[in-house]
Amino acid sequence: MNVCKFANFGFTVFFLHLVLLVESMNAQLPRERADADPPVDRLFWASYSIGISTVESVSARNLNSTVKHTFGLVDGGIDHFFGLDDGANTRLGLEYGFHDRFSMGIGRMTFNKLVDMHAKYNILRQTVSGSTPVELAVKTSVGINTFPGTGRDFSERLNYFVSVMIARKMGNFSLQATPMYAHFNRVSGNNEKQLFGLGIVAGLALNDRFSLGAEYLPVIGDRNPGTYDTAAVTLNIDTGGHIFQLFFTSSQWHNESFIMANNRDRFWEGEFRFGFNIHRVFGF
Amino acid sequence: MCDDVRQDVVYITDSGHVEFTSRVPLHTFTGSSDHLHGLIDFDENLVDFYLDLSTLKSGIGRRDRDIYRTLNVDDYPFAEFTGTLSTSFDQNSSETQQVEVQGEFTIHGVTRNVTIQGTMQKQGEELYLTAEWILNLEDYDIEPPGILFYRVNEEQELRIEATLNSAPKEEI
């Protein structure tokens, strides 16, 4: 009998404790996410895959600085130190995020002493929930050939570019299709004034520090004589402060317009070169 | 407690300020959020705060995303404290008073019992609160992010500051 009374008392204490616990939990604030449908993180590791722009944007009030290098063909052998003895094409670039979805940038490269300015806008953001299944961005750019002594007037030195970037991340793998159009105000010989291309960019994150990437840029329709579709592969390294991209590519150029117009090397025939990009973001 | 202390109100905020300071060799950076949610119920002696960690901003978007990955925000989106006031607080005084809370702090899916000192001040119908403490990342199974050969210091300095408004308890 006493045992029974003790058991009842124990049950009552346990029940009261449970009720108090539940009441205490109910008194807490309900936990709510600030953004119930957040965007997918890091489709690509930098705003350039290698030579093709990606949907990755520069955050608001951030300045992304980029240094891009490509050297001579690796098949030059040890005599040319696998292309590093041959002239490098270097592009220095800055891109500022005016908004998390809108940025503008400027760059200058060795070849043609080309100065290019661009604007990029992210129209859609892929969301974790899948409510927006893809990322969509547009980029427009104008380039100016500043090489002296060519006899060209200002307008003849200009070229224009527009591209649409459609990307999706699936697990650790990201894929981007980039229809693009380039226009050159003046061209030499039988070169085309207008070029269309379809850039394909792929990325595979191995972990938080390393990822692999590849890009392929076929020219669609008429193309310049003696040019070939460009291919490239890269290893991306995130050091915490910088993104390093170490790559092999067939084209020595650093923007899509001139990659389409001037690549005369065939990646699949072993005609590729070493290059690297370095990205560093500063906050303001 | 005096007779004119109302027991049918609580103090709440959804815009408290949180700031953390991280140190790496030769460099210090801070991050902050103005999305701290909080509730203080003197009648029930309940102190409850939470922060959506994805609202923390350090000024560099890429670094923010590194922080979210380090904290595994997708799986553990909140830092939370639920506890009680372990010192007295005179609601009839407008003076700044030293207070202490005891309770459970949870981040990265790990819960620890903590005691935190701070100040509270009654300002009319509002309650102004500040607190500072050190959070050790290792205590919460958070691996300090590294940059090449050095890593972020395990000890993070945290500071919160919030103005809580009084609200009828039945509306909460």
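Look a little higher up for the structure.
Remember, predicted model here, so these are calculated numbers, not experimental data.

1. As for the overall build of chain B
Check the secondary structure of chain B and you find one helix and 10 strands. Seen in sequence order, chain B has helices and strands lined up from the N terminus as β-β-β-α-β-β-β-β-β-β-β. The globule rule puts the C-alpha radius of gyration for 172 residues at 16 Å, and the 17 Å found for chain B is close to it. Seen through its C-alpha atoms, chain B measures out along the principal axes to roughly 60 × 30 × 25 Å. Within chain B, the proportion of its 172 residues that are buried is 28%.

2. Some thoughts on the overall build of chain A
Looking only at helices and strands, chain A has two helices and 13 strands in total. Over its C-alpha atoms chain A spans a radius of gyration of 27 Å, topping by over 25% the 19 Å that the globule rule assigns to 284 residues. Structurally, chain A occupies a C-alpha span of about 110 × 40 × 35 Å along its principal axes. Counting all 284 residues of chain A, 35% fall into the buried class. Expressed as a percentage of contacts within chain A between residues at least 6 apart in sequence, the contacts between residues at least 24 apart total 55%.

3. So, the environment of Leu-124 of chain A
Following the sequence through the fold, Leu-124 of chain A ends up in strand E4 (residues 114-124). Residues Leu-124 of chain A and Thr-70 of chain A, spaced 54 residues apart in sequence, show a C-alpha to C-alpha distance of 32 Å.

4. A word on the interface of chain A and chain B
At the interface, 18 residues of chain A touch 25 residues of chain B. Broken down by class, the residue content of the side of chain A that touches chain B amounts to five nonpolar, seven polar and six charged.

5. Some thoughts on the sheet that holds strand E10 (residues 155-168) of chain B
All names here are of chain B. The antiparallel closed barrel is built from eight strands, whose spatial order is E1-E2-E3-E4-E5-E6-E7-E10. Sheet twist, expressed as the average angle between the axes of neighbouring strands with direction ignored, equals 25 degrees. Two elements, strand E7 (residues 126-136) and E10, share 11 bridges in a ladder whose sense is antiparallel. Bridged to Thr-130 within E10 is Glu-161.

6. Topic: the nonpolar core
Val-55, Ala-182, Met-260 and Ala-261 of chain A are the most contacted members of the largest nonpolar core, which totals 31 residues. Looking at this core, the elements with two or more residues in it are strand E6 (158-170), strand E7 (173-184), strand E8 (194-205), strand E11 (230-238), strand E12 (242-249) and helix H2 (256-262) of chain A. Among the elements that make up this core, the one with the highest residue count is H2 of chain A (four residues). For Ala-182 of chain A, the contacting residues outside a window of four places in its chain are Asn-159, Phe-161, Leu-195, Glu-256, Ser-257, Met-260 and Ala-261 of chain A. In terms of nonpolar packing, the next biggest core, distinct from the first, is built from 30 residues, Tyr-50, Leu-71, Phe-81 and Leu-127 of chain B among them.

7. Observations concerning the pairing of strand E2 (residues 27-41) of chain B
Residue and element names in this part refer to chain B. Note: strand E1 (residues 9-24) against E2, 11 bridges, orientation antiparallel. The partner of Thr-21 across the bridge, within E2, is Thr-30. Between E1 and E2, which pair antiparallel one after the other, the connecting turn spans two residues, and Leu-26 there sits at a positive phi close to 70 degrees. Summarising the sheet, E2 and strand E3 (residues 46-52) pair through five bridges and their orientation is antiparallel. Its bridge partner being in E3, Ile-40 is matched across the sheet by Val-47. Here E2 folds back onto E3 in antiparallel fashion, the turn holding four residues, of which Asn-45 has a positive phi close to 50 degrees.

8. Re unusual backbone geometry
All names here are of chain A. In this structure, Arg-61 takes a positive phi of about 65 degrees despite not being glycine. Along the chain, Arg-61 falls in the loop between helix H1 (2-27) and strand E1 (62-73). The class of Arg-61 is partly exposed, set by 16 C-beta atoms lying within 10 Å. Even without being glycine, Asn-112 reaches a positive phi, approximately 60 degrees.

9. Concerning the pairing of E10 of chain B
Two elements, E1 of chain B and E10 of chain B, share nine bridges in a ladder whose sense is antiparallel. Each bridged residue has a counterpart across the sheet, and for Tyr-11 of chain B the counterpart in E10 of chain B is Ser-166 of chain B.

10. Concerning helix H1 (residues 61-71) of chain B
Listed as buried for H1 of chain B are Gly-61, Arg-62, Arg-63, Asp-66, Ile-67 and Leu-71 of chain B. Buried-residue contacts for H1 of chain B involve E1 and strand E13 (273-283) of chain A together with E2 of chain B. Looking at the residues trailing H1 of chain B, positive phi occurs at Asn-72 of chain B, about 50 degrees.

11. Digging into the environment of Ala-34 of chain A
With respect to the secondary-structure elements, Ala-34 of chain A resides in the loop between H1 and E1. Residues contacting Ala-34 of chain A, with those up to four places away along its chain left out, are His-35, Asp-52, Ser-54 and Thr-55 of chain B.

12. Let's talk about the environment of Asp-265 of chain A
Residue and element names in this part refer to chain A. Along the polypeptide, Asp-265 turns up in the loop between H2 and E13. Judged by C-beta crowding, with 20 C-beta atoms within 10 Å, Asp-265 ranks as buried. Those residues within four positions of Asp-265 in sequence are excluded, and the remaining contacts are Leu-73, Tyr-228, Ser-250, Ser-251, Glu-271 and Phe-272.

Here is what the cut-offs are and how they apply
Counting restarts for each chain: residues are numbered from 1 in the order of the written sequence. Each chain takes a letter, starting from A, and each ligand takes a number, starting from 1, following the order in which they are written. Given that this is a predicted model, residues contribute local features only at a pLDDT of at least 70 and side-chain atom pairs are listed and counted only at 80 or more, while totals for whole chains, interfaces and linings are drawn from all residues. Under the scheme used here, helices are H or I runs from DSSP no shorter than 4 residues and strands are E runs no shorter than 2 residues, and both carry numbers assigned from the N terminus. The size measure is the radius of gyration over C-alpha atoms, and the globule rule it meets is 2.2 Å times the number of residues to the 0.38 power. Each residue is classified by how many other C-beta atoms fall within 10 Å of its C-beta atom, where C-beta atoms are placed from the backbone; a count of 20 or more means buried, 12 or fewer means exposed, and values in between mean partly exposed. Here the contact rule is simple: place C-beta atoms from the backbone, and any two residues whose C-beta atoms are within 7 Å are in contact. In the scheme used here, Gly and all other residues not listed as nonpolar or charged are polar, with Ala, Val, Leu, Ile, Met, Phe, Trp, Tyr, Cys and Pro taken as nonpolar and Asp, Glu, Lys and Arg as charged. Strands pair, by our definition, only if DSSP identifies at least two bridges between them. Helix axes are fitted to C-alpha atoms over the stretch in contact, other axes to C-alpha atoms as well, and angles between N-to-C directions run from 0 to 180 degrees. To count as a nonpolar core, a set of buried Ala, Val, Leu, Ile, Met, Phe, Trp, Tyr and Cys residues must be joined through C-beta atoms within 7 Å.

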